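The residues making up each chain are set out below.
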Amino acid sequence: MKPAPFDYHAPETLDEALELLAGGEARVLAGGQSLVPLMKMRLAKPSILVDVNGVAGLDALAHDGGELRIGAVTRQQALADDEEVARSQPLLRAAGVRAGYLATRHRGTVGGSLAHAAPWAELTAAAVALDARLRCRSTRGERVVAAREFFHGPHRTALEADELLTEVVVPPMAARTGVGFHEATTGHGGYLHAAAAATVTVADDGSCEDAELVLLGVAPTPHRLPVAERLRGSLVDAEAVREVDELLAAVDPPDGVEVSGTYRRRVGGALARRALADAAAAAREAA
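Quick caveat: nothing in here was measured; it's all calculated off a predicted structure.

**Q** Help me understand unusual backbone geometry in this model?
**A** The bulk of non-glycine residues show a negative phi, and the bulk of peptide bonds are trans. The backbone of Asp131 sits at a positive phi, close to 55 degrees, despite the residue not being glycine. One can find Asp131 in the loop between α8 (122–129) and β6 (133–138). Despite not being glycine, Arg176 shows a phi value in the positive range, around 60 degrees.

This is how it looks when you write it as structure tokens:
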């Protein structure tokens with residue numbers, strides 16, 4: 001199929017882009033890996049398309065005082081290939097290399113993945129686990145939205161119709177922190193059934209000081225579980241993780257076309273345990 005008719009604009013400045021979005025009827029084109037297929041199937045029929053690939057500065061990737069600042073048009077593969085990102089934010093690397101295929105990662109953008117908010121998008125789980133902040137701009141001004149408050153449902157976010165996601169800011173990881181990421185899919189680069197992103201921070205004696213666990217595929221949005229209160233002071237061993245099993249048991253994933261909710265719950269639990277174990281082991285190595 002072909003897309004429905006639309007007006008195409010390619011602004012060169014942020015102000016131009018925001019003016020085009022001000023009417024609230026335009027859609028943003030960045031990598032196009034999600035939007036263009038929807039347009040071809042006429043599931044999305046924007047009357048105005050604003051291509052932001054030529055807007056200066058939106059593809060910047062910078063380390064600023066320990067924070068990682070990711071321009072919204074930064075390609076997913078550029079994020080995955082950056083060695084400083086691998087050292088300072090290994091969870092982003094772990095999630096980023098699993099986002100789609102190599103070809104789509106070279107076109108797909110970090111901001112586009114977050115703004116599209118697909119339930120299977122690995123970078124959404126990493127953003128929530130790392131407590132990232134998302135800068136959103138419009139002609140009305142700028143606001144910052146926490147990733148933990150950004151996702152409202154499948155393909156629904158806190159972004160207003162006239163807003164553009166311009167930057168993702170990731171705070172520095174605490175010392176002695178390890179990460180883990182595991183997923184189950186239909187195959188390499190295929191649709192995700194379930195995934196788990198975890199971070200664990202340990203004290204000098206190797207016991208847990210803090211922890212984060214975010215699941216994908218078990219809820220309409222990245223699902224953050226309050227694991228820190230269950231794991232704090234433990235060695236995140238098999239006995240401690242059984243405390244987390246109680247939280248996992250309360251998760252009620254929906255049935256899907258390919259797999260059942262029961263499958264997602266069981267697999268999600270197994271992936272969560274592996275991700276936490278990997279994160280704890282990496283944290284103790286870094287201690």
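**Q** Just to check I follow, could you spell out the sheet that holds strand β3 (residues 48–51) for this structure?
**A** Within a sheet, neighbouring strands are paired by backbone hydrogen bonds and run either parallel or antiparallel to one another. Across the sheet, which stays open at both edges, the 3 strands sit in the order β1-β3-β2 with parallel pairing between neighbours. Here the strands that pair on one side only, and so sit at the sheet edges, are β1 (7–9) and β2 (26–29). The sheet shows a mean angle of 25 degrees between the axes of neighbouring strands, direction not considered. Pairing of β2 with β3 involves 4 bridges; the strand directions are parallel. Residue pairing for β3: Val28 is matched across the bridge by Val50.

**Q** I'm lost on α8 in this one. Help?
**A** Working note: α-helix, 3.6 residues per turn, so residues spaced by three or four point in the same direction. The buried fraction of α8 is high, at 8 of 8 residues. Buried within α8 are the following residues: Glu122, Leu123, Thr124, Ala125, Ala126, Ala127, Val128 and Ala129. Positive phi appears at Asp131, one or two residues downstream of α8, with a value of about 55 degrees.

**Q** Just to check I follow, could you spell out helix α12 (residues 261–286) for this structure?
**A** Taking 1.5 Å as the rise per residue, α12 with 26 residues should run 38 Å; its terminal C-alpha atoms sit 37 Å apart, in good agreement. Every buried residue belonging to α12 is among Gly261, Arg264, Val267, Gly268, Gly269, Leu271, Ala272, Ala275, Leu276, Ala279, Ala280 and Ala283, and all of these are buried. Close packing links the buried residues of α12 with β11 (177–185), β12 (192–202), β13 (208–216), α10 (228–231) and α11 (238–249).

Conventions and cut-offs
- Residues numbered from 1 in each chain as written.
- Predicted model: local features only at pLDDT ≥ 70, side-chain atom pairs only at ≥ 80, totals over all residues.
- Heavy atoms only, no water.
- Helix = DSSP H or I, 4+ residues; strand = E, 2+ residues; numbered from the N terminus.
- Pairing = 2+ DSSP bridges.
- Axes fitted to C-alpha atoms, helices over the stretch in contact; angles between N-to-C directions.
- Buried < 20%, exposed > 50% of the residue type's maximum accessible area, 1.4 Å probe, protein only.
- Expected span 1.5 Å × (residues − 1).
- Contact = heavy atoms within 4.5 Å.

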